[in-house]
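Commentary on secondary and tertiary structure
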Amino acid sequence: MLAARVMLEQGIHVEGINFFTGFCVEGHTHAIRKKDKAKPKRNNALWTAEQLGIKLHIIDVIDEYKDIVINPKHGYGAHINPCLDCKGFMVRKARQWIDENNFDFIITGEVIGQRPMSQRKDTLPVIAEESGAHDRLLRPLCARNLAITLPEREGWVDREQLYDFSGRSRKPQMALAQQFGISEYAQPAGGCCFLTDAAYSTKLQDLWQQRGEKTYELDDIMLLKVGRHLRPRPNFKLIIGREDGENRFLEGYRRQYTALRASSHNGPLVLLDGSYNNDDLHLAARIVARYSQGRDSSNVTIEIEPQGSDNSQTLTVSPIAVDDIPAAWFV
Amino acid sequence: MSQHQLDARRLLCPMPVIRTQNYIKNLNSGDILEVTCTDPGALNDVPTWCRINGHKVINTDAAEDEIRITIEVDGG
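Since we're looking at a predicted model, the values are computed, not measured.

1. Comments concerning the interface of chain A and chain B
Chain A puts 23 residues into the contact, and the matching count from chain B is 20 residues. Summed over both sides, the interface of chain A with chain B buries roughly 1800 Å², with 67% coming from carbon and sulfur. The tally of links from chain A across to chain B stands at one salt bridge. For the salt bridge of A:E50 with B:R51, the shortest nitrogen-to-oxygen distance reads 2.5 Å.

Here it is, written out as structure tokens:
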């Protein structure tokens with residue numbers, strides 16, 4: 001937002017590009033859960049573009065992005081966050097976009113030293129080089145700490161009106177925002193991607209481990225964002241809705257998975273991901289019963305809809321005791 | 001002018017916006033597009049995207065589980 005505003009101050013025509021990888025944390029995803037209802041249900045990129053008065057192009061890169069997550073050339077950060085590869089990928093996509101749409105250069109809001117992996121003095125040139133953007137990539141907030149770029153050399157941008165921010169502190173950015181009269185802005189970098197989240201990364205690693213290969217589809221990574229995930233046996237996992245919002249969300253997937261729900265009592269919708277035999281199904285039903293309002297009853301009837309089938313079956317089971325659910329089952 | 005419908009149900013943000021954006025690329029000025037969504041965020045985001053890009057939201061209908069947003073292409 002700030003980098004774009006700095007360019008707008010110099011009379012440069014700016015349009016925004018926002019890449020949707022499938023791992024983006026948005027108010028909406030959180031809004032599925034009741035506890036987050038107070039959070040604004042807005043897309044921050046759209047909101048920012050409107051505040052700046054610029055157009056925004058949202059680009060679906062879900063499929064292309066898989067290779068970045070699965071095979072990052074520069075490795076992962078603290079979790080499954082391939083930040084340096086991700087930056088290079090996004091700038092490369094932006095370079096392709098500006099070529100196709102007759103724009104002259106790319107700007108990003110990066111600042112030297114802001115992030116430990118992708119925003120270091122030695123990694124910023126890697127992004128410029130590997131993306132193919134080279135000197136058509138300008139970082140207005142720290143440009144005066146970096147080599148001169150094409151837009152500066154050509155006089156399209158006045159280098160003297162750019163900035164020399166560096167380091168982890170965001171105080172200079174906050175001061176500049178205040179100077180521009182910007183009082184509200186989106187969460188700083190890092191919190192906008194599920195791949196930087198420890199719990200989410202654990203679930204994705206579990207998915208890969210059980211499949212025996214590092215692959216995913218969009219539905220897989222969306223489902224990792226919601227519900228309580230339990231893996232009682234290596235061959236299957238249960239995704240248990242924690243409240244009405246999540247149950248409604250999981251409803252959208254009930255035809256793609258085997259779905260279980262208590263019919264004798266109120267309870268959550270549960271999806272079974274994986275393969276199972278009758279013994280597995282019995283265990284799954286007992287767990288579903290535990291999370292229903294029949295948890296203290298001797299018997300709970302569970303309705304089971306096998307994946308892709310219109311024929312449901314029922315199982316009457318005793319709820320599994322809470323002490324019989326080991327912590328290791330929780331993914 | 002022609003009428004079009006887009007089913008963006010069960011898609012989470014920003015997919016309803018992306019589908020709307022990509023669908024409208026192939027429409028003409030004055031065409032009407034009705035987008036059906038289930039993500040409550042679409043109620044905010046689709047109109048924001050329309051304002052930014054010069055389209056006009058002529059109606060929104062938000063029921064309990066389903067949202068319908070009617071857009072006039074280039075009507076903003």
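2. Topic: helix α3 (residues 44–52) of chain A
Turning to α3(A), its buried residues number three or more, namely A:A45, A:L46, A:W47, A:T48, A:A49 and A:L52. Of the surrounding secondary structure, the elements contacted by the buried residues of α3(A) are α1 (2–9), β1 (16–20) and β2 (56–60) of chain A together with α1 (15–24) and α2 (42–53) of chain B. Two to three positions downstream of the cap, the backbone nitrogen of A:A45 sits 2.9 Å from a side-chain oxygen, assigning the N-cap of α3(A) to A:N43. Trailing α3(A) by a residue or two, A:G53 shows a phi angle of about 75°, which is positive.

3. Looking at the sheet that holds strand β5 (residues 228–233) of chain A
Residue and element names in this part refer to chain A. Pairing in this open sheet of six strands is antiparallel, and the strands run β5-β6-β8-β7-β9-β10 from one edge to the other. Only two strands of the sheet have a single neighbouring strand rather than two, namely β5 and β10 (313–317). For this sheet, the mean inter-axis angle between neighbouring strands, taken without regard to orientation, is 25°. Note that strand β7 (residues 258–262) and strand β8 (residues 270–274) share three bridges and pair antiparallel. Directly across from T258, in β8, lies its bridge partner L272. Contacting β6 (236–240), β7 and β8, helix α11 (residues 244–251) runs over the sheet at an angle of about 130° to β6.

4. Some points on the confidence of the model for chain B
Per-residue confidence for chain B averages 93 on the pLDDT scale, and 100% of its residues sit at or above 70. Predicted complex metrics record ipTM = 0.89 and pTM = 0.88.

5. Structural notes on the nonpolar core
Residue and element names in this part refer to chain A. In this structure, M7 and L141 are the most contacted members of the largest nonpolar core, which totals 49 residues. Among all residues touching M7, those that are not within four sequence positions of it are I12, V14, F105, I107, L138, P140, V157 and L162. In terms of nonpolar packing, the next biggest core, distinct from the first, is built from 34 residues, V61, I80, I127 and F194 among them.

6. Concerning the sheet that holds strand β1 (residues 3–8) of chain B
Residues and elements named next belong to chain B. Taken in spatial order, the four strands line up as β1-β2-β4-β3 in an open sheet, and their pairing is mixed. Two strands close off the open sheet at either side, each with one partner strand: β1 and β3 (56–62). Averaged over all adjacent pairs, the angle separating strand axes in this sheet is 15°, with direction ignored. Pairing between β3 and strand β4 (residues 67–72): six bridges, direction antiparallel. When the bridges of β4 are listed, A62 appears paired with I67. Relative to β1, α1 is tilted by about 155°, and along the sheet it contacts β1, β2 (32–37) and β4. Strands β2, β3 and β4 of the sheet are contacted by α2, whose axis makes an angle of about 5° with β4.

7. Some thoughts on the pattern of salt bridges
One side chain can pair with another of opposite charge once the charged atoms of both are near each other. Going through the model one piece at a time under the given rule, you end up with 26 salt bridges over all chains. When the shortest N-O distance is used, the salt bridge between A:R242 and A:E246 registers 2.8 Å. Classification of A:R242 as partly exposed rests on a relative accessible area of 31%. Residue classification places A:E246 among the buried positions, given a relative accessible area of 0%. One salt-bridge network, held together by shared partners, links B:D7, B:R9, B:E34, B:E66 and B:R68.

8. Topic: the environment of A:Y253
All names here are of chain A. Note that Y253 resides in the loop between α11 and β7. Counting along the chain gives 18 residues from Y253 to L271, while the straight-line C-alpha distance between them is 8.1 Å. Ignoring sequence-local partners within four residues, the contact set of Y253 consists of D219, M222, L223 and L271.

9. Focus on the packing of aromatic side chains
Residue and element names in this part refer to chain A. All chains considered together, the criterion is met by nine aromatic pairs over all chains. A centroid spacing of 5.1 Å and a plane angle of 55° characterise the contact between W97 and F103, whose relative ring orientation is tilted. Judged by its relative accessible area of 11%, W97 falls in the buried class. Site record: aromatic cluster; members linked through ring pairs are F23, Y65, F89, F194, Y200 and Y216. Positioned over the ring face of Y216 is K66, at 5.8 Å from the centre of the ring.

10. A look at helix α9 (residues 198–211) of chain A
With 14 residues, α9(A) extends 20 Å between its outermost C-alpha atoms, agreeing within 8% with the 20 Å of an ideal straight helix rising 1.5 Å per residue. Looking only at α9(A), the buried set comprises A:Y200, A:S201, A:K203, A:L204, A:D206, A:L207 and A:W208.

11. Focus: the pairing of β1(B)
All names here are of chain B. Bridge analysis of β1 against β2 gives six bridges, and the strand direction is parallel. Paired with H4 across the two strands is L33, which belongs to β2. Assessed by its sense of winding, the connection that carries the chain from β1 through α1 to β2 is right-handed.

Here is what the cut-offs are and how they apply
Residues numbered from 1 in each chain as written. Chains lettered and ligands numbered in written order. Predicted model: local features only at pLDDT ≥ 70, side-chain atom pairs only at ≥ 80, totals over all residues. Heavy atoms only, no water. Contact = heavy atoms within 4.5 Å. Buried area = accessible area lost by both parts, 1.4 Å probe. Salt bridge = Lys/Arg side-chain N within 4 Å of Asp/Glu carboxyl O. Buried < 20%, exposed > 50% of the residue type's maximum accessible area, 1.4 Å probe, protein only. Helix = DSSP H or I, 4+ residues; strand = E, 2+ residues; numbered from the N terminus. Polar contact = N/O pair within 3.5 Å; in protein donor to acceptor, adjacent residues only side chain to side chain. Pairing = 2+ DSSP bridges. Axes fitted to C-alpha atoms, helices over the stretch in contact; angles between N-to-C directions. pLDDT = per-residue confidence, 0-100. Core = buried A, V, L, I, M, F, W, Y, C linked by side-chain atoms within 4.5 Å. Phe/Tyr/Trp six-rings, centres within 6.5 Å; stacked < 30°, edge-to-face > 60°. Lys NZ or Arg CZ within 6 Å of the ring centre and 35° of its normal. Expected span 1.5 Å × (residues − 1). Right-handed = clockwise from strand over helix to strand, strands pointing away.

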